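Working through the structure, step by step
Below, each chain spelled out in residue letters.
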Amino acid sequence: MSHSDDDKSANKMWGGRFSAPPAEIMEEINASIGFDKVLAPQDIRGSKAHAAMLAEQGIITKSDAREIIKGLNQVSAEIEAGSFTFSRALEDVHMNVENRLKEIVGPAAGRLHTARSRNDQVALDFRLFVRDRLDEFDRALIVLKLALAAKAEIHAGTAMPGFTHLQPAQPVTFGHHLMAYVEMFARDRSRFSDARSRLNECPLGAAALAGTSFPIDRHMTAKALGFDRPTANSLDSVSDRDFVLEALAAATICGVHLSRFAEEIVLWMTPQFGFIRLSDGLTTGSSIMPQKRNPDAAELARAKVGRIAGAFQSIVIVMKGLPLAYSKDMQEDKEVTLDALSSLALAITAMTRMVEDMEPNKDAMRAASGRGYSTATDLADWLVRELKLPFREAHHVTGSIVKEAEKRKLDLEKLPLEAMQSIEPRISNAVYSVLSVENSLASRTSYGGTSPQNVRKMARGWLKRLEKELTSG
């Protein structure tokens, strides 16, 4: 894709300046139909809007416009039915569509390109495609967040260890852990929404780089294609790929969130953790080890971010040194972007399926949540609250009590009272009210904390909001 109108030597449909056909290597490096054919629906939408505007402005006859639009509808139907033959000799999706349109409607097809260049046509098609993908991501992330919030509500009180440095830190609930990803994916939706807002200007009518002398109505085509307004500078219109970079940057961050969750799923499924189980449909076996249940779906979702982040970096490098306006380098923006956006869509869907499917091993999670003296902070807080110790002193006392518990190979809640009183005599029997995992969880009632009542309330609030968005969208 992204062929400039200067590329006349590359295709026999272009004018007569060149007498010799393109060299074989030129055809090889020039052709983009292998990947840009997926843009055919956007190309046809743009062409129909352009034809209607040309007729409305009296630039072509309404009869020709009707023939063109009818022919484009036929091309669209052929592509959807799988009967359309894409020709590599015609380089890209634009020339394939136009060539077939000419076969269907004859000379009228030649009027479609009036007041339009492949430069603004490419920019339009790609914007439409990226916008469509952003809309799909938004809906897919709503579905993923619904799955997370629904499972979080069920497991609002299911204890599990919270980690820092992958070491047991404090008890949390499985629901609270899942709701953390709801927040991450909410930010992803916000980034995609911001990118869509800036993307939503229509470049059609900028022509090759300088605009056109024909009396076109760019506001009409912008409105017809669902844009907020036309782009304001013709040079920028055909050379801008910020909308691609923004979409890929947001996709990369979203991919990182998916990858982090996927990594946890991989860990949780190991016998060493044993926190969750995925069904046979989302795991694979081994060709030699019959006992294996491999979390391949999670591993592949984890890997997809490499392709997505690589695409972002690729476009940054392509664009960083290009003078205005169009350069053929920009053809390289399509293949990696199409692959990256497809990879993200697949990873979101796979993660949604895993969230819906996964079942926690409550006993294993509960047992692990009390290991590593995870309620030590609760003890320190109790010393501050009840004995009025400065926190730093309470921290020191707690450390000494943990050391004693380690020496006796006991959990804090099993450590005798006299052992604690030998370190701090004022500690009373009431301290045991904060040393269990359940009491620790119940006490974390600060906004955003892990108490089951907090998690349940947060999950239900998100479910209500998301279900409304899904039905209204």
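Relevant structure appears above.
Quantities reported herein were computed from a predicted structural model and do not represent experimental measurements.

Each value, and the rule that gives it
Residues numbered from 1 in each chain as written. Predicted model: local features only at pLDDT ≥ 70, side-chain atom pairs only at ≥ 80, totals over all residues. Heavy atoms only, no water. 1 Å grid on protein atoms, 1.4 Å probe; cavity = no way out; pocket = protein on both sides within 12 Å on 5 of 7 lines; lining within 4 Å. Points joined across faces, edges and corners; volume = space filled by probe spheres on them. Helix = DSSP H or I, 4+ residues; strand = E, 2+ residues; numbered from the N terminus. Nonpolar A, V, L, I, M, F, W, Y, C, P; charged D, E, K, R; others polar. Phe/Tyr/Trp six-rings, centres within 6.5 Å; stacked < 30°, edge-to-face > 60°. Buried < 20%, exposed > 50% of the residue type's maximum accessible area, 1.4 Å probe, protein only. Lys NZ or Arg CZ within 6 Å of the ring centre and 35° of its normal. Pairing = 2+ DSSP bridges.

**Topic: the layout of surface pockets**
- For the largest pocket, the calculated volume is near 370 Å³.
- Lining the largest pocket are 17 residues; nearest its centre among them are Phe-163, His-177, Tyr-181, Arg-260 and Glu-264.
- At the level of secondary structure, the elements contributing two or more residues to the lining of the largest pocket comprise strand S1 (159-164), helix H7 (174-199) and helix H10 (242-268).
- When the residues that make up the lining of the largest pocket are grouped by side-chain class, the tally is 9 nonpolar, 5 polar and 3 charged.

**Brief notes about the packing of aromatic side chains**
- A complete count under the given rule lists 9 aromatic pairs for this structure.
- With 5.9 Å between their ring centres and 75° between their planes, Phe-126 and Phe-243 make a pair best called edge-to-face. Pair noted here: Phe-126 is in helix H6 (residues 118-154) and Phe-243 is in helix H10, with a separation of 117 residues, a long-range link. Both residues of the pair, Phe-126 and Phe-243, belong to the buried class.
- Residues Phe-137 and Phe-192 carry aromatic rings whose centres are separated by 5.3 Å and whose planes lie at 40° to one another, so their mutual orientation is tilted. Here Phe-192 lies in helix H7 and Phe-137 lies in helix H6, a separation of 55 residues in the sequence.
- Overall, Phe-137 belongs to the buried group, its relative accessible area being 2%.
- Judged by relative accessible area, which is 2%, Phe-192 ranks as buried.
- Between Arg-131 and the ring centre of Phe-227, over which it is positioned, the NZ or CZ distance is 4.6 Å.
- In this structure, Arg-133 is placed above the aromatic ring of Phe-129, and the distance from its NZ or CZ to the ring centre is 4.2 Å.

**Let's talk about the environment of Leu-324**
- Inspection of the secondary structure puts Leu-324 in the loop between helix H11 (296-319) and helix H12 (332-357).
- Taking relative accessible area as the criterion, Leu-324 reaches 64% and is therefore assigned exposed.

**Thoughts on the pairing of S1**
- When S1 meets strand S2 (residues 167-173), the two strands line up antiparallel, connected through 6 bridges. Its bridge partner lying in S2, Thr-164 is registered against Gln-167.
- A loop of 2 residues connects S1 with S2, the two strands running antiparallel in sequence, and His-165 in this loop sits at a positive phi of about 60°.

**Re empty space enclosed by the protein**
- Evaluation of the coordinates by the stated rule reveals 2 cavities of 30 Å³ or more.
- Here the largest cavity defines a volume of roughly 70 Å³.
- Lining the largest cavity, in full, are Gly-370, Tyr-373, Ser-374, Thr-375, Asp-411, Leu-412, Glu-413, Leu-435 and Val-437.
- In terms of residue class, the lining of the largest cavity is made up of 4 nonpolar, 3 polar and 2 charged.
- In this structure, the second largest cavity spans a volume of roughly 30 Å³.
- Lining the second largest cavity, in full, are Asp-43, Ser-47, Leu-72, His-94, Val-97, Glu-98, Leu-112, Arg-116 and Gln-121.
- Elements that contribute at least two residues to the lining of the second largest cavity include exactly helix H3 (40-56) and helix H5 (93-105).
- If you tally residues by element for the lining of the second largest cavity, the top one is H5, at 3 residues.

**Regarding unusual backbone geometry**
- Cis geometry marks the peptide bond from Leu-324 to Ala-325, where omega comes out at 5°.
- Locating Ala-325 in the fold gives a position in the loop between H11 and H12.
- Phi is positive for His-165, which is not a glycine, with a value near 60°.
- Along the chain, His-165 falls in the loop between S1 and S2.
- Positive phi, close to 55°, is recorded for Tyr-373, a residue that is not glycine.
- One can find Tyr-373 in the loop between helix H13 (362-369) and helix H14 (376-387).

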